[in-house]
Amino acid sequence: MYTDKVMDHFSNPRNVGQIENPNVVVKVGDPGCGDAILIFLKIDSGVIVDIKYKVYGCGAAIATTSMASTMVKGRTLEEALEITDESVAAALGGLPETKQHCSNLAATAIRAAVTRYMHPPEEKVAGQADPH
Ligand code: FES
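Computed from a predicted model, the values in this text were never measured in an experiment.

Q: I would appreciate a short explanation of the packing of helix α2 (residues 59-72) against helix α5 (residues 102-118) in the present structure.
A: In a pair of packed helices, the angle between the axes and the distance between the axes together describe the arrangement. Put simply, α2 and α5 touch, their axes get as near as 8 Å, and they point 35° apart. In this structure, the crossing between α2 and α5 has a hand that is right-handed. Residues Ala60, Ala61, Thr64, Thr65, Ala68, Ser69 and Val72 of α2 form the contact with α5, whose own contacting residues are Cys102, Ser103, Ala106 and Ile110. Its residues placed into classes, the contact of α2 with α5 shows seven nonpolar, four polar and no charged.

This is the structure we're talking about:
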């Protein structure tokens, strides 16, 4: 059974949507179930000032992504990196055993987005020869 908090976030997910001109966008999927999240962050002076997402997934994936978004909005990048599937599940009052993995999607996506922002993949300089 789901807790009231899970049902609340599933029925009324917070921060759903898309950010125009985000600082970083990341897509993370769970190959086990096929569910996926597209997450957008707006970052200013090391703080996540806005977060939006689109979820293709189960009810628990929606609820956990919603809760995770509220946990990192207004937080520093360092604080956001500390989010875990356990902390998201705990904030929701727990998840059924078979749904534990669903919280991993949101926590992984947020950590991946922050990490990409802090360490962006190197871009090739136009006109530069590729040594490979
Ligand atoms: Fe895939 Fe829940 S079943 S995230």
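Q: Is there a simple way to think about unusual backbone geometry in this case?
A: The phi angle of most residues is negative, glycine excepted, and most peptide bonds adopt the trans form. Phi angles above zero are rare outside glycine, and Asn21 is one such case at about 55°. Tracing the backbone shows Asn21 in the loop between α1 (4-11) and β1 (24-29). Its identity is not glycine, yet Ser45 carries a phi of approximately 50°, on the positive side. Examined against the element boundaries, Ser45 turns out to sit in the loop between β2 (36-44) and β3 (47-56).

Q: Is there a simple way to think about the pairing of β2 in this case?
A: Consecutive side chains along a regular strand alternate between the two faces of the sheet. Bridge analysis of β1 against β2 gives six bridges, and the strand direction is antiparallel. By the bridge assignment for β2, Val28 is matched with Ile37. In textbook terms, the turn of a hairpin is the stretch between consecutive antiparallel strands, and for β1 and β2 this stretch comprises six residues, one of which, Gly34, has a positive phi near 85°. In the sheet, β2 pairs with β3 via nine bridges, with the strands oriented antiparallel.

Q: Whenever I open this one, the packing of α1 against α2 confuses me. Can you help?
A: Where α1 contacts α2, the two axes come as close as 8 Å, and the packing angle between them is 90°. Classed by the angle they form, the pair α1 and α2 counts as roughly perpendicular. Contacts from Lys5, Val6, His9 and Phe10 in α1 reach Gly59, Ile62, Ala63, Ser66, Met67 and Thr70 in α2.

Q: Which parts of the structure should I look at to understand the sheet that holds β2?
A: Spatial strand order, β1-β2-β3: three strands in an open sheet with antiparallel pairing. Each edge of the open sheet carries a strand with a single partner, namely β1 and β3. Neighbour-to-neighbour, the strand axes of the sheet open up by a mean angle of 20°, direction not taken into account. Against the sheet, α2 makes contact with β2 and β3, and its axis sits at roughly 175° relative to β3, the strand it touches most. Running over the sheet, α5 touches β1, β2 and β3 and is turned about 145° from β1.

About the cut-offs
Residues numbered from 1 in each chain as written. Predicted model: local features only at pLDDT ≥ 70, side-chain atom pairs only at ≥ 80, totals over all residues. Heavy atoms only, no water. Axes fitted to C-alpha atoms, helices over the stretch in contact; angles between N-to-C directions. Helix = DSSP H or I, 4+ residues; strand = E, 2+ residues; numbered from the N terminus. Left-handed = near helix turned anticlockwise from the far one by under 90°. Contact = heavy atoms within 4.5 Å. Nonpolar A, V, L, I, M, F, W, Y, C, P; charged D, E, K, R; others polar. Pairing = 2+ DSSP bridges. Parallel < 35°, antiparallel > 145°, perpendicular 65-115°, else oblique.

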